[in-house]
Amino acid sequence: MKTPTPNPKDKAGAPGTGAEIVTPGALLARQNTVIADVLARFIAGERLTGLHSVTDSSTTRLAAVVHALGGYGWYIQRADLAAGCRDGRIATVSEYWMHPDQCAAALDAGAGAWVAEVRRVRAARRKNAPKARAVAASVNARKRRNGGAK
């Protein structure tokens, strides 16, 4: 199912005013998810790239998470950055962030406690990472022995 998202070119709070969209969207009921983790980071004022999301939020799909947040009423800003690569190339990566006024509005509406709870439950979940890696390795070894079949 596709999630509706605001038109990123429509930055006006009201047509013709030129005001940025700064009203907070809806906080997610499920807090132990990648989407909640990324939203908490944006509300806290962090700027994220795909590489940050791999190491910090355990997802390779930051653009999909940003798209999903649009369905909850959050307007996430984006810009392209140049990044030097290990092999000598210069690549373009996307950086995402939330407008500071939208962060402030969310915090004023009580999102600070929600952000703290998201961080608490995600930290608790990360304690299971070694076991999850071991189970995944076992599943993958079994698949390899079976010729890639389930």
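Read on for a plain summary of the structure. (Residues numbered from 1 in each chain as written. Predicted model: local features only at pLDDT ≥ 70, side-chain atom pairs only at ≥ 80, totals over all residues. Heavy atoms only, no water.)

Things to note about the overall build of the chain
Note the following rule: A run of H or I in DSSP counts as a helix once it spans at least four residues, and a run of E counts as a strand once it spans at least two, with each numbered from the N terminus. For the exposure calls, accessible area comes from a 1.4 Å probe over protein chains only, and a residue counts as buried if that area is under 20% of its type's maximum, exposed if over 50%, partly exposed in between. The contact rule is simple, with two residues in contact once any of their heavy atoms fall within 4.5 Å. Each accessible area is a Shrake-Rupley result for a 1.4 Å probe, and residues are judged covered by the shown protein chains and nothing else.
A count of helical and extended segments in the chain gives six helices and three strands. Helices and strands appear in the chain in the N-to-C order α-β-α-α-β-β-α-α-α. Looking at the chain as a whole, 29% of its 150 residues qualify as buried. Residue pairs in contact within the chain that sit at least 24 positions apart in sequence constitute 61% of those at least 6 positions apart. As presented, the chain carries roughly 9700 Å² of accessible surface, and 55% of it is formed by carbon and sulfur atoms.

With respect to the pattern of salt bridges
Note the threshold: For this analysis, a salt bridge means a side-chain nitrogen from Lys or Arg found within 4 Å of a carboxyl oxygen belonging to Asp or Glu.
With the rule as written, the count across this model stands at eight salt bridges. We note a salt bridge from Arg41 to Asp37, for which the minimum N-O separation is 3.0 Å. Within this pair, Arg41 and its partner Asp37 are both found in helix H1 (residues 34-43), separated by four residues, close to a single helical turn. You'll find Arg41 and Asp37 in the same group, each marked buried.

A short note on the packing of H1 against helix H3 (residues 62-70)
Applicable threshold: To obtain an axis, a line is fitted to C-alpha atoms, over the contacting stretch when the element is a helix, and the angle between two such axes runs from 0 to 180 degrees between their N-to-C directions. When describing relative orientation, an angle under 35 degrees is termed roughly parallel and one over 145 degrees roughly antiparallel, while 65 to 115 degrees is termed roughly perpendicular and anything else oblique. Here the nonpolar group is Ala, Val, Leu, Ile, Met, Phe, Trp, Tyr, Cys and Pro; Asp, Glu, Lys and Arg are the charged ones; every other residue, Gly included, is treated as polar.
Two elements in contact, H1 and H3, have axes whose closest approach is 10 Å; the angle formed by their N-to-C orientations is 80 degrees. Viewed along their axes, H1 and H3 adopt a mutual orientation that is roughly perpendicular. Taken together, the residues of H3 that come into contact with H1 (itself represented by Val34, Ile35, Val38, Leu39 and Phe42) are Leu62, Val65, Val66, Ala68 and Leu69. Grouping the amino acids of the contact of H1 with H3 by side-chain chemistry returns 10 nonpolar, no polar and no charged.

Section: the sheet that holds strand E3 (residues 90-98)
This is how the line gets drawn: A pair of strands is treated as paired once DSSP finds two or more bridges between them.
Here three strands make up an open sheet; going across it, the order is E1-E3-E2 and the pairing antiparallel. One side of each edge strand has no neighbouring strand; the edge strands of this open sheet are strand E1 (48-49) and strand E2 (76-84). In the sheet, E2 pairs with E3 via nine bridges, with the strands oriented antiparallel. Note that in E3 the partner of Gln77 across the bridge is Trp97. Here H1 sits on the sheet and contacts E1, E2 and E3; the angle it forms with E3, its principal contact strand, is near 80 degrees.

Looking at the nonpolar core
Keep this limit in mind: Side-chain atoms within 4.5 Å link the members of a nonpolar core, which is a set of buried Ala, Val, Leu, Ile, Met, Phe, Trp, Tyr and Cys residues.
By size, the foremost hydrophobic cluster in this structure holds 22 residues, and its most contacted members are Phe42, Ile43, Leu69 and Trp114. Looking at this core element by element, the count peaks at six residues for H1. Ignoring anything within four residues of it in the chain, the contact list for Trp114 reads Leu27, Leu28, Gln31, Ala36, Leu39, Ala40 and Ile43.

Some details on the environment of Thr55
Heads up, the rule is: Polar contacts, as counted here, are pairs of nitrogen or oxygen atoms within 3.5 Å of one another; within protein the pair requires one atom able to donate a hydrogen and one able to accept it, and residues that are adjacent in sequence qualify only if both atoms are side-chain atoms.
Take Thr55: it is sitting in helix H2 (residues 50-57). Here the side chain of Thr55 touches Asp56 through a polar contact of 3.3 Å, side chain to side chain.

Points about the environment of Gly110
Structurally, Gly110 is set in the loop between helix H4 (100-108) and helix H5 (111-126). With a relative accessible area of 41%, Gly110 lands in the partly exposed category. Residues Gly110 and Leu27, 83 residues apart in the sequence, show an inter-C-alpha distance of 10.0 Å.

Considerations on helix H6 (residues 129-145)
Applied cut-off: The span expected for a helix works out to 1.5 Å for each residue beyond the first.
The end-to-end C-alpha distance of H6, which contains 17 residues, comes to 24 Å, matching closely the 24 Å that a straight helix rising 1.5 Å per residue would cover. Positive backbone phi, approximately 75 degrees, marks Gly147, located one or two places after H6.

Here's the deal with the packing of aromatic side chains
Defined as follows: Aromatic rings from Phe, Tyr and Trp, with only the six-membered ring used for Trp, were paired whenever their centres fell within 6.5 Å, and each pair was classed as stacked if the ring planes differed by under 30 degrees, edge-to-face if by over 60, and tilted otherwise. The criterion is that NZ of a Lys, or CZ of an Arg, lies within 6 Å of the ring centre and within 35 degrees of the ring normal, and then a charge sits over that ring.
On inspection of all chains with the given rule, the structure shows zero aromatic pairs. Here Arg47 stacks its cationic end above the ring of Trp97, 3.9 Å away from the centre of that ring.

Notes on the pairing of E3
Pairing between E1 and E3: two bridges, direction antiparallel. Looking at E3, one finds that Thr49 is bridged to Glu95.

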